Structures are given as C-alpha cells and as structure tokens.
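This is what each chain is made of:
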Amino acid sequence: MSAHGYGQQHQHGQQQDGQHRHVQGHVQGHGHVPAADLDWDALAAHLEREADLRAGAVTAAGQWLSGLAGEGAVRRVLDVGAGPGVIAGLLAEVFPAAEVVAVDQSAALLERARARSGGRVGTQQADLPEEFDKLGEADLIWSGNAIHHLGDQQAALTALAGRLRPGGLLAVAESGLPPRFLPRDFGLGRPGFQARLDAAHEDGFAAMRAELPGTTEEIEDWPAMLRRAGLVPSGTRTFLVDHPAPLAPSVREYLHTQLVRRHDQLAEVLGPEDRATLEALIDRDGGTGILRRGDAFYLSAMTVHSGRRG
Ligand SMILES: C[S@@+](CC[C@H](N)C(=O)[O-])C[C@H]1O[C@@H](n2cnc3c(N)ncnc32)[C@H](O)[C@@H]1O
C-alpha cells in the first residue's frame, strides 16, 4: 500500500517506439474506479510518514548499493521522484562524501526536502519525462515508487541510464510486497479483507497507468528492462519493513490516511460488507478503528532492482 493515488497530474506527450505497445492518448471510462487527480503537495506529510516507515529498509538498501559501487566511487547521487526527500536524506547518510540531489516535479515537496535536511540535500525541479536533461550526471541514481507514474517506464529507465557515469548504478525500488496491517481474521466482516482491498487497488492502479500520457504497456520484468536500458543487471534485493504491534501513533496516522484514501478511491467497487469494514477501520473514535486497535501492525517488503553502466 504505497502512496499512490489513481489519476494523473500532468499532460506529458512523449510517445516513443520500442519493444512495447502504445496506448494512444488517454483511455477514458475505466468503469467504476474513480480517477481522482493526484495532489502530491497535499500528500507531503503522508509521503514523509510512508518513507519514515521504510527508513531501515532504505538504509540497508543504500549500504548494499554502496558495497556494489565500491569505496569512494559515489560522488553524486540523484533521487528521482524524491517527494519530500526523506529517502534522499537517508542516502546522504549512507554516502556522506557525495553530493545528493532530490529530483521531483513538485517545488513544494523539494522545499520540504531542503528544509528537512538543513541544506545537506540539494534539489532539482524537473517535469519528467520532458526534463531528464536537467538531471546532470550521477554515480548512483535511486528512484522509488516514481517510475510507475510515467507513461513509458522503459523510456524512463533508458533516459536515467543515460545520466549514469561509467560504472554508475541505477537502483529502482518498485514492486515488493503490499503491506499487511491486521491479522487474517480481525473480527470485522469476512476474513480476506486485505487481499480483496489489494485486488481492487490493483485495478485502480492499472486504470491510473492507462490514463498516463504516452502510456505504454510493459511486462514489468525490471531486470530485463534495466538490460534493455543498456545496463548490466547487478542484483535484486528485497528489504523487510517490519513494525510489530503495538504501533506508534505516527504509523497509525499513516495507516488511517491510507485507508481513508482507499475509501475515497474504492468504496464504490467494494462489496457492502467490505465497505462497512473499511468504514469501521477509519472511524477515528471507535475501538474498531485503526487508530485504536491493539492488533494493528505494519509488515511489508521493498524490492530494489539494480543495474550498472558498463
Ligand atoms: C509515490 S511518490 C514517491 C516518493 C518517494 N520516492 C518515496 O518513495 O517515498 C511519487 C513522487 O513522484 C513524483 N512524480 C510523479 N510524477 C512525476 C513526473 N512526471 N515528474 C517528476 N516527478 C514526478 C511525485 O511528485 C511524487 O513526489
């Protein structure tokens, strides 16, 4: 349950021919899933909480990448689609001698990145895919949960690979496992609620991608995509994100916001029983709500695919 919404913010027009199919223009009418426009700026605090949840996993991933790169090899790091810069800040700790730059379309999120890091993290506003040229060169490019917001994911990887210095690494954190946050049977509705919510979310996610400008269907085999981008795959690793019960208030707030978003996006497509369960979970005051339950936890996994420029 990463911080995606469904819908789009920009009007990008890039269409590129490659080993994949294009869907021309915008696909309209995805049936029942509402295509709410994403307002990334409004999501700033939520994105920060989500990234905080993954801090341990990101640091471990950074250390793995540091070992792959070799000592002293990383002088410039880009975090592409960095949002409010929590992860860029963690990468700056793993690579203390490197210049670290958060890249995002949102000037407001980049301002938070700058403030949070006390200026340690630099920023570059860039509207992708049009402005890949603004990024400059790097020894390590990290991109987490951002490539899937671009219509042509393969073209995006190829453009990022083109920003790498010789021997440089591209690390893409996409996929992994959807979070679990309650026991199988948590006393509301029919067991299996979280799997059904995930299934409805997958449909919404596919509808979001279908509406992106220049959207291109892709088999999301990330190591193969890195290879097609001209890189040599240098390993895929998965990092556990494990917050057992009892949850800290900030994690409960994260889950509450995420469930409210799922309600906004999916209430119409869920059956009445699951809708009632979701409503009980987002009730701020009731003992059934995610803010108060003793059985709530947060368990997920973040997968990072890496490739090296020869
Ligand atoms: C789900 S957030 C991920 C934030 C961060 N990487 C993380 O993992 O916590 C996606 C980010 O991608 C940015 N983004 C989406 N579309 C973009 C585009 N076309 N160009 C540049 N940034 C974009 C959004 O502003 C947002 O900050």
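Basis of the calculations
Residues numbered from 1 in each chain as written. Predicted model: local features only at pLDDT ≥ 70, side-chain atom pairs only at ≥ 80, totals over all residues. Heavy atoms only, no water. Helix = DSSP H or I, 4+ residues; strand = E, 2+ residues; numbered from the N terminus. Buried < 20%, exposed > 50% of the residue type's maximum accessible area, 1.4 Å probe, protein only. Contact = heavy atoms within 4.5 Å. Areas by Shrake-Rupley, 256 points an atom, 1.4 Å probe, with all protein chains shown as cover. Near = heavy atom within 4 Å. Polar contact = N/O pair within 3.5 Å; in protein donor to acceptor, adjacent residues only side chain to side chain. Nonpolar A, V, L, I, M, F, W, Y, C, P; charged D, E, K, R; others polar. Expected span 1.5 Å × (residues − 1). Core = buried A, V, L, I, M, F, W, Y, C linked by side-chain atoms within 4.5 Å. Axes fitted to C-alpha atoms, helices over the stretch in contact; angles between N-to-C directions. Parallel < 35°, antiparallel > 145°, perpendicular 65-115°, else oblique. Left-handed = near helix turned anticlockwise from the far one by under 90°.

Caption draft 1: Focus on the overall build of the protein chain. Along the protein chain, the regular secondary structure elements total nine helices and 10 strands. For the protein chain, with 310 residues in total, the buried portion stands at 53%. When contacts within the protein chain are restricted to residue pairs at least 6 apart in sequence, those whose partners lie at least 24 apart make up 79%. Accessible surface, the protein chain: about 13100 Å² in total, of which carbon and sulfur atoms supply 51%.

Caption draft 2: Structural context of the site of the ligand. The full set close to the ligand counts 18 residues, and Gly81, Asp104, Gln105, Leu128 and Gly144 are the nearest of them. One nitrogen or oxygen atom from the side chain of Asp104 is found 2.6 Å from an oxygen atom belonging to the ligand. Bound to the protein, the ligand loses 98% of the 590 Å² it would expose on its own. Classifying every residue of the shell around the ligand by side-chain character gives nine nonpolar, seven polar and two charged.

Caption draft 3: A look at helix α6 (residues 193-210). Taking 1.5 Å per residue, 18 residues should reach 26 Å; α6 reaches 26 Å between its end C-alpha atoms and fits that length. Listing the buried residues of α6 in full gives Phe193, Gln194, Leu197, Asp198, Ala200, His201, Gly204, Phe205, Ala207, Met208, Arg209 and Ala210. Each element contacted by the buried residues of α6 is listed here: α5 (153-161), β7 (177-180), β8 (216-217), α8 (249-266) and α9 (272-282).

Caption draft 4: Expanded view of the nonpolar core. Judged by nonpolar contacts, the single largest core of 54 residues is most densely connected at Trp142, Met302 and Val304. The dominant element in this core, judged by the number of residues it contributes, is helix α3 (residues 86-94), at seven residues. Apart from the residues lying within four places of it in its own chain, the contact partners of Val304 are Ala61, Trp64, Trp142, Ala171, Val172, Ala173, Gly235, Thr236, Arg237 and Phe239. The next biggest cluster of nonpolar side chains, apart from the first, holds 24 residues, and it includes Val103, Phe132, Leu157 and Leu226.

Caption draft 5: Region of the structure containing helix α1 (residues 44-53). For α1, a buried count of seven out of 10 residues is recorded, marking the element as mostly surrounded by other parts of the structure. Among the residues of α1, Ala44, His46, Leu47, Glu48, Glu50, Ala51 and Leu53 are the ones counted as buried. For α1, the elements touching its buried residues are α2 (55-69), α3, α4 (107-116), β9 (232-243), α8 and β10 (298-308).

Caption draft 6: Inspection of the environment of Val101 at higher detail. Position of Val101 among the secondary structure elements: in strand β3 (residues 99-104). Taking relative accessible area as the criterion, Val101 reaches 4% and is therefore assigned buried. Spatially, the C-alpha atoms of Val101 and Ala82 are 8.9 Å apart, while their sequence positions differ by 19 residues. Beyond its immediate chain neighbours, meaning those up to four positions away, Val101 contacts Arg76, Val77, Leu78, Asp79, Gly122, Thr123 and Gln124.

Caption draft 7: Focus on the packing of α6 against α8. Where α6 contacts α8, the two axes come as close as 11 Å, and the packing angle between them is 60°. Relative to α8, the element α6 is oriented oblique. As for the relative orientation of α6 and α8, their crossing is left-handed in sense. Taking contact as the criterion, the partners of Leu197, Ala200 and His201 in α6 are, on α8, Leu259, Arg262 and Leu266. Looking at the contact of α6 with α8, its residues break down into four nonpolar, one polar and one charged.

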